[in-house]
Structure formats: C-alpha cells, structure tokens
Amino acid sequence: MEATVESSPEARRAQFEEEYLGWIRRVAANVSRRLARLPDGIQQELLRSYALLEDTGRLYRQSPHAERIHRLSNGKTRGHIILETDGVDIFPSLTSPNPGVLDFAIGMGRRFYFRGLWFSVLGFNAAYLEKASDKMLTFAIEQELEMIRIYAEISAEAKVSQRVEDRAERHLNIQPDELREDERILMEISDSQPLIPRPYSEIGMLVYIETKFQEIKSMGVPSRDEAEEGFGSGLFKEFLGWEPFTRKSYLIFVSEIRDKMRDAFSGYA
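This report concerns the structure included in the present document. (Residues numbered from 1 in each chain as written. Predicted model: local features only at pLDDT ≥ 70, side-chain atom pairs only at ≥ 80, totals over all residues. Heavy atoms only, no water.)

### Description of the pattern of salt bridges
Inspection of every chain in the model, using the stated rule, returns 24 salt bridges. With its nearest N and O atoms 3.0 Å apart, the salt bridge here joins Arg78 to Glu67. Here Arg78, found in the loop between α4 (66-72) and β2 (81-85), pairs with Glu67, found in helix α4; they are 11 residues apart in sequence, far enough to count as distant. Judged by relative accessible area, which is 48%, Arg78 ranks as partly exposed. The structure contains a network of salt bridges with shared partners spanning Lys131, Glu181, Arg184 and Glu188. (Salt bridge = Lys/Arg side-chain N within 4 Å of Asp/Glu carboxyl O. Helix = DSSP H or I, 4+ residues; strand = E, 2+ residues; numbered from the N terminus. Buried < 20%, exposed > 50% of the residue type's maximum accessible area, 1.4 Å probe, protein only.)

### Structural notes on the packing of aromatic side chains
As enumerated under the stated definition, the model contains 14 aromatic pairs in all. Ring geometry for Trp242 and Phe245: centres 5.9 Å apart, planes at 70°, overall edge-to-face. Here Phe245 and Trp242 lie together in helix α11 (residues 226-266), a separation of 3 residues that amounts to about one turn. Classification of Trp242 by relative accessible area gives partly exposed; the value is 24%. Look at Phe245 and you get buried, because its relative accessible area is 7%. Aromatic ring contacts, followed pair by pair, group Phe16, Tyr20, Trp23, Trp242 and Phe245 into a single cluster. Stacked on the ring of Trp242, the Lys or Arg Arg13 has its end atom at 3.7 Å from the ring centre. (Phe/Tyr/Trp six-rings, centres within 6.5 Å; stacked < 30°, edge-to-face > 60°. Lys NZ or Arg CZ within 6 Å of the ring centre and 35° of its normal.)

### Quick word on the pairing of β2
The buried count for β2 comes to 5 of 5 residues, which makes it a mostly enclosed element. Along β2, one buried face is formed by Ile81, Leu83 and Thr85 and the opposite face, lined by Ile82 and Glu84, is buried too. Note: strand β1 (residues 61-62) against β2, 2 bridges, orientation antiparallel. Bridging across to β2, Gln62 finds its partner in Leu83. As paired elements, β2 and strand β6 (residues 117-125) share 5 bridges and run parallel to each other. Counterpart to Thr85 in the pairing with β6 is Asn125. (Pairing = 2+ DSSP bridges.)

### Digging into unusual backbone geometry
Notably, Asn74 is not glycine yet its phi reads approximately 55°, a positive angle. With respect to the helices, strands and loops of the structure, Asn74 is situated in the loop between α4 and β2. Using a relative accessible area of 71% as the deciding quantity, one classes Asn74 as exposed.

Spelled out as structure tokens, the structure:
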C-alpha cells in the first residue's frame, strides 16, 4: 500500500515540484553571483526587469522584425505569430548530467492549442534580433521552425525527425568563426538581459495568445481530426493545471535573487 501511495500521480507531482523549486533556488544563487559582477546601474536595471516580468503580459510583444524573419525563412514563417522578448530562456543543460549547468536560448518555437485552434509561435530575444547576422538568425529561425514541426508531429502521433541543430547547421554551411561570434553575442546578451526559466516563458506566449485572441484568431488552424482535437484539449488542460505552480516558481526565483543580492550587499554572501 505504501509503495502505491509513493508512486501515485500526486506523489510524483509533489516530488517534481520539490525538485524543481530546489533547482530554481540554485539557479537564483547562480544569477545573483552573475549580477554581483556587473556595475551597480546594470544590477538595478536587471532587478527591475525581473520584477516587471512578474506580470506575464510583459514577457512577449509583437516583433517589429517580422518582415525580416519572413524574408530569411523564404516565407515559411508566414502564418506564425512573431514575437520578441527582453528575456533569455534558461533550462537545465541538455548535454551535462549536472543539473546546475544551464543552457541559454535566444529563441523559442512552440505550438499552442487555444479555443479550438492551434497557433504556431516564434519568439526571439529582442537584442539578438538587433545584433545577429542574417545567416545566424536564419539558423535560429530554422531550428525553431523545426521544433514547431516536431510539436505538430507529436500532436498527430507522427514519427519525430532527427536532431534539429545538425540539419540546420549543415544546410546553411555554418562556419566555426560564425558559431563563435554567435556564442559571444549570446553570452553578452545573457549578462545584460533577465534570465527566464523556460516554463514561465511558455506561459508568457500563451498569455499573449489569450490577450490578443481576437486580433490573431485568423492565424489559428483547426485540428486535423478528432484525435488531434482531443490531444489539444488535454494539452491545454494540463497546461492550466501547471500554470499556478509555474507562476509561483517565478516569484520564488525573483525573491531569491533579491534576497541573495541584499545579503551580498550586507556582506553575508
């Protein structure tokens, strides 16, 4: 009986939440150490940005670079919602077994179900859109378009394709010096922009869809069949079920950053 209780969905969720909040606190400590190395003016500006982004409606906005993105994608992004954000997404590294190692992302492609329609969304860091070369931005766009396609395959129970980055990199003939320059830009941006846990960033995208629904409704695509409709409804329900915890975790994240910075200023860290 005890084993059954421990393996119940409620127990697994409680364990996940505990582990995730532990990760959030470790990341906040990492972020506060990064902040402490910056000039005071930048520190204060970043702390204000983290606080402002407690309002998920501030995470994403319509991007003025949409036409450039459409051009670089040869029109493949038309029909997608093109957004930008001041944040840089963070998540546990996909290549390191150490949960303290972070990956940074300046782009995110997602497919959301809302009110009976599927919306494809591309979001990029605003500073990256200003600084990236056309070639490297094309690389980023292709990666995120492939991610959206994978989400569509999953919803249709289709076979998922091979690793995204490898295909895009070979297609564009990306050179090592171009990758190094892109990495330099990413590191520069990650030191000057708020770092946002990816689940919270995903909420920001859905909030944009909810808020702008009447304006963007024509960009939504109906499900292909009853199976995909059922998948979408279940996905949205699951998303709503996690939303309060995800919002709470971001508030804890920002609070921990502020507390650790205050301790540092007081000489306790």
